[in-house]
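# Understanding the architecture of this molecule
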Amino acid sequence: MIKIATYIFAILLLFGCKNDKASTSEITNTSEKSLKSEENFGIVIHGGAGTILKENMSDSLEAAYKAKLKEAISVGHEILKNGGTSLEAVTHTINVLEDSPLFNAGKGAVFTHEERNELDASIMDGATLNAGAVAGVKRIKNPIDLARDVMQKSEHVMLYGEGAEEFARRLGYKMMDTSYFYTRDRYESLKRVLRKEQSKNEKSISFEDSFIKDSKFGTVGCAALDKHGNLAAGTSTGGMTNKRWNRIGDAPIIGAGTYANNATAAVSSTGWGEFFIRSVVAYDISALMEYKGMTLQDAAREVIQKKVPALGGDGGIVAIDKDGNVAMEFNTAGMYRASMNSEGELVVGIYKEDE
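Every residue gets a number counted from 1 within its own chain, in the order that chain's sequence is written. pLDDT decides what is reported in this predicted model: residues at 70 or higher carry local features, side-chain atom pairs at 80 or more are listed and counted, and totals for whole chains, interfaces and linings draw on all residues regardless. Excluded from the side-chain calculation are hydrogens and water; included are all heavy atoms of the structure.

What follows is about the pairing of strand β12 (residues 346-351). By this definition, two strands are paired if DSSP reports at least two bridges between them. A run of DSSP states H or I qualifies as a helix once it reaches four residues; a run of E qualifies as a strand once it reaches two. Both are numbered from the N-terminal end. For strand β11 (residues 334-341) and β12, the ladder comprises five bridges, and the chain directions are antiparallel. Looking at the pairing, methionine 340 lines up with leucine 346 of β12. The antiparallel pairing of β11 with β12 creates a hairpin that spans four residues between the two strands, and glycine 344 there sits at a positive phi of about 85°.

Right under this line is the structure:
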């Protein structure tokens, strides 16, 4: 009897040791996964797409674009590296691009037919699916900031024009003099478009003349994944050169110009807005991932290289998925773009051949 009891005790002891090892192994694996998650983050940006050809770009201007892209993405990367949120990274990265006259957002915004600057922006939180947007504002230095405040400090998603600016005043925003947004290059671009319009049939000019076609392009955007596993995306723009009747493009439209969902990816669009709205580009990429199990790269390629061109539109996107994979997909000659991963590896591109 004593022998039997000793035998049973030995078996129980053996299984206990195995369970302890299994528990220890599980804890170790959980810790490794947690550590891996904390180390995994990334950021990607764009500064607009279009007929961007190397032969039309001076060395000094090319260097200026690359330097500003590097500066902007480094700001967001530093925030993520230090444990900041994807929303903070997206906002502050876009601020740098909005403050630069090189891009069609904020300071460098294009002019409307009436020689005004009308600004649009949107932002989305992938963790909550909350979103905010503003459209048609004329005196807001950094529209992406106001879009974020609409998301976080109001019950609405999109505010427009005077109403959006009244909301900004109540939050203590400084109203900029409209002269702040003037840049000579953008104003001269409007004049060139107007001259070309006078000499061409209004119905066909958008398709026949690359200069006028490109007047429909130009936004800045950012998508980021933070160490907490949360995604966010934002987009800011001055819209279309020579736009009329308070036209609004895709940039402030959630699902078209901006979309973020922790289950899939964060996406920011740039291109011919009317087609990106009709294609619901940013959401469509997420939906292909969620419902068809496609990778980010395959989903982006499907939408940008097939669906949008099938309607007659063009442009591009930048995106990052929940695992930190990045896509910078476009069907134009070029797209100002940059990405940076958790290892600090920086990729900057302008032309198609930079891929």
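Text resumes after the structure shown.
Bringing the side chain of threonine 235 into the picture now. With respect to the helices, strands and loops of the structure, threonine 235 is situated in strand β6 (residues 231-237). For threonine 235, a relative accessible area of 0% puts it in the buried group. A polar atom in the side chain of threonine 235 sits 2.7 Å from the side chain of serine 268. Exposure categories follow from relative accessible area, calculated using a 1.4 Å probe and restricted to protein chains: below 20% of the type maximum is buried, above 50% is exposed, and the middle band is partly exposed. Polar contacts, as used here, are pairs of N or O atoms within 3.5 Å; protein pairs need one atom able to donate a hydrogen and one able to accept it. Residues neighboring in sequence count only if both atoms are side-chain atoms.

Another aspect to go through is the packing of helix α4 (residues 143-153) against helix α5 (residues 161-170). Between the N-to-C directions of two axes lies an angle of 0 to 180 degrees, each axis being a line fitted to C-alpha atoms and, for a helix, fitted only over the stretch in contact. One can describe the packing of α4 onto α5 by two numbers: an axis separation of 11 Å at closest approach and a directional angle of 75°. In terms of orientation, α4 and α5 fall into the roughly perpendicular class. Residue-level contacts link Leu146, Asp149, Val150 and Lys153 of α4 to Ala164, Phe167 and Ala168 of α5. Under the convention adopted here, Pro, Cys and the residues Ala, Val, Leu, Ile, Met, Phe, Trp and Tyr are nonpolar, Asp, Glu, Lys and Arg are charged, and Gly plus all remaining residues are polar. When the residues that make up the contact of α4 with α5 are grouped by side-chain class, the tally is five nonpolar, no polar and two charged. What sets the label is the angle itself: under 35 degrees gives roughly parallel, over 145 gives roughly antiparallel, 65 to 115 gives roughly perpendicular, and the rest give oblique. Note on contacts: a residue pair qualifies if any of its non-hydrogen atoms lie within 4.5 Å across the two residues.

Moving on to the sheet that holds strand β9 (residues 315-321). Spatial ordering of the open sheet is given by β7-β8-β9-β10, a layout of four strands whose pairing is antiparallel. Of all the strands in the sheet, just β7 (258-260) and β10 (326-330) have a single pairing partner and so form its edges. Averaged over all pairs of adjacent strands, the angle between their axes in this sheet comes to 10°, without regard to strand direction. One ladder, built from five bridges, connects β9 with β10; its direction is antiparallel. Bridge assignment links valine 318 to a residue of β10, and that residue is methionine 328. Sheet strands touched by helix α10 (residues 281-292): β7, β8 (265-271) and β9. Its angle to β8, the strand with the most contacts, is close to 145°. Across the sheet, helix α11 (residues 296-311) touches β8, β9 and β10, and the angle it forms with β10 is around 15°.

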